[in-house]
Amino acid sequence: MPPFSDPSRFEEVLVSPLYLAGSNGAGDAGFAPVAHWPHHHLDDGPCQLLVTSPDQRIRIGWFGDDFDLWKITAAEEAVAPPRWTATFNHVTPGEIVAGLTTALAQDYAASDPYENNGRFLAAPSLDRADAVRPLLDAGWRLEPAMRGTVSVRAPDGQAGALIRNDRPPWDDEAVTLWAGPRGWGTRAEAVFTARTPTHLIASTAAAMASSALVVHERHMIHREVEHLVTLTPVAPAATPQGSRAPTPLDVRRTAVTEAVRRAARAPRTATDLRVMAAQSRTTSSARMRSSPLAPAAAARPPVASSPRRHSR
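The rules behind each value
Residues numbered from 1 in each chain as written. Predicted model: local features only at pLDDT ≥ 70, side-chain atom pairs only at ≥ 80, totals over all residues. Heavy atoms only, no water. Helix = DSSP H or I, 4+ residues; strand = E, 2+ residues; numbered from the N terminus. Contact = heavy atoms within 4.5 Å. Areas by Shrake-Rupley, 256 points an atom, 1.4 Å probe, with all protein chains shown as cover. Pairing = 2+ DSSP bridges. Axes fitted to C-alpha atoms, helices over the stretch in contact; angles between N-to-C directions. pLDDT = per-residue confidence, 0-100. Buried < 20%, exposed > 50% of the residue type's maximum accessible area, 1.4 Å probe, protein only.

Student: Help me understand the overall build of the protein chain in this model?
Tutor: The helix and strand inventory of the protein chain stands at 6 helices and 13 strands. Counted over contacts in the protein chain with a minimum sequence separation of 6, partners at least 24 positions apart contribute 57%. Of the accessible surface of the protein chain, which amounts to about 17200 Å², a share of 56% is contributed by carbon and sulfur atoms.

Okay, here's the thing in structure tokens:
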């Protein structure tokens, strides 16, 4: 049976650990902390949605068809080059991205754009290990690594962090958080450049180490990862005993639905055409009122202009 013809693949389950829970391809969890910020839906180019702070110093880009779904930057001014960059790939759970976006929303709320004093522009700590302190506090362990780096690994061995403790150029990768077996569809990665404020990486690491259960659909978890996680089906809502009598609104909705179906099958009469026109207006109005946080990523291969980056 093909994977997506199996209804159980869309079953909602509680997943633990969070860092292996996969991505739903929509990014709503990561955008939730900044839902009140301006949203810019882009039709052209690989970036499909750009959410910015009101003064546009912080930019959160969503690339729905790329290996790196998220690109988050901050700058001294809206037109200045980024001071730092954080990227999250297509396997990273949105709840981990929310660790960073939550901290950014808090920093921006406490800042004064005229004084340019946002904490999201703070210089990083001299001790880069401070960025992964939440992992160490959660029982993750230091382990041998390549010269010039520090490595931290989760107790189950399925997640970790790699920190460069030299002085890389400001736009070089300095800290990488990862989870899952190596592979394009199995390894989550978050990468931060050298000037990323330490507390922002720490906030992301804290979300990664969280013991909280998350609700995801089963298909979001790669089949090669399923044996590494604990899945608990979400209990369905209790069904009320007996069926209630239809209300007048129910009756009207049923009548309209049947009329639309008849009109769609054979739009021959003036009444049928009026029904179809009313349906079109209603659908257009609903689309105008809706404002999703992020476009759902379509199930199509990445665009040719954005080659997949091989996992580390």
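Continuing now.
Student: Mind showing me how you'd approach the sheet that holds strand 1 (residues 12-16) here?
Tutor: Strands in a sheet are paired, the pairing made by backbone hydrogen bonds, and the direction either parallel or antiparallel. Ordered in space as 12-1-13, the 3 strands form an open sheet in which the pairing is antiparallel. Of all the strands in the sheet, the pair left with one neighbour each is strand 12 (214-217) and strand 13 (230-233). Mean inter-strand twist for the sheet, computed between neighbouring axes without regard to direction, equals 40°. The sheet contact formed by strand 1 and strand 12 spans 4 bridges and is antiparallel. Of the residues in strand 12, the one forming a bridge with valine 15 is valine 214.

Student: What is the right way to read the confidence of the model for the protein chain from this model?
Tutor: Low-confidence regions, as indicated by low pLDDT, have predicted coordinates that should not be scrutinised in detail. Mean pLDDT for the protein chain: 80, with 73% of residues reaching 70 or above. With pLDDT under 50 throughout, residues 263-273 is counted as low confidence; its partners more than four residues away or in other chains account for 7 contacts. Below a pLDDT of 50 lies the segment residues 280-312, which in the model reaches 44 contacts outside its immediate sequence neighbourhood of four places, other chains included.

Student: Teacher, can you tell me more about the sheet that holds strand 9 (residues 159-164) here?
Tutor: Read across the sheet, 10 strands follow the order 2-3-4-5-6-11-10-9-8-7 without closing on themselves; strand pairing throughout is antiparallel. In this open sheet, the two edge strands, each paired with only one partner strand, are strand 2 (39-41) and strand 7 (141-143). Adjacent strand axes in the sheet meet at a mean angle of 15°, parallel and antiparallel pairs treated alike. Pairing of strand 8 (residues 149-153) with strand 9, which is carried by 5 bridges, proceeds in the antiparallel orientation. Within the sheet, the bridge partner assigned to arginine 153 lies in strand 9 and is glycine 160. Against the sheet, helix 4 (residues 198-209) engages strand 6 (84-89), strand 9, strand 10 (173-179) and strand 11 (188-193), with an angle of about 10° to strand 10.

Student: I would appreciate a short explanation of the pairing of strand 10 in the present structure.
Tutor: Regular strands place their side chains on alternate faces of the sheet. With respect to burial, strand 10 is a largely interior element, 6 of its 7 residues being buried. Pairing of strand 9 with strand 10, which is carried by 5 bridges, proceeds in the antiparallel orientation. Residue pairing in the sheet places alanine 161 in a bridge with leucine 177 of strand 10. Bridge analysis of strand 10 against strand 11 gives 6 bridges, and the strand direction is antiparallel.

Student: I'm lost on the environment of serine 23 in this one. Help?
Tutor: Within the element layout of this structure, serine 23 appears in the loop between strand 1 and helix 1 (28-31). Exposure remark for serine 23: the relative accessible area of 17% places this residue in the buried category. Taking C-alpha positions, serine 23 is 9.6 Å from histidine 219, a pair spaced 196 residues apart along the chain. Residues in contact with serine 23, not counting those within four places in the same chain, are Leu69, His90, Val91, Thr92 and Met220.

Student: Is there a simple way to explain unusual backbone geometry in this structure?
Tutor: When glycine is set aside, most residues are seen to have a negative phi, and most peptide bonds are trans. For the peptide bond that leads from serine 16 to proline 17, omega is 0°, which places it in the cis range. Here proline 17 shows up in the loop between strand 1 and helix 1. Even without glycine at this site, glutamine 56 takes up a positive phi of about 65°. Within the secondary structure layout, glutamine 56 lies in the loop between strand 3 (49-52) and strand 4 (58-62).

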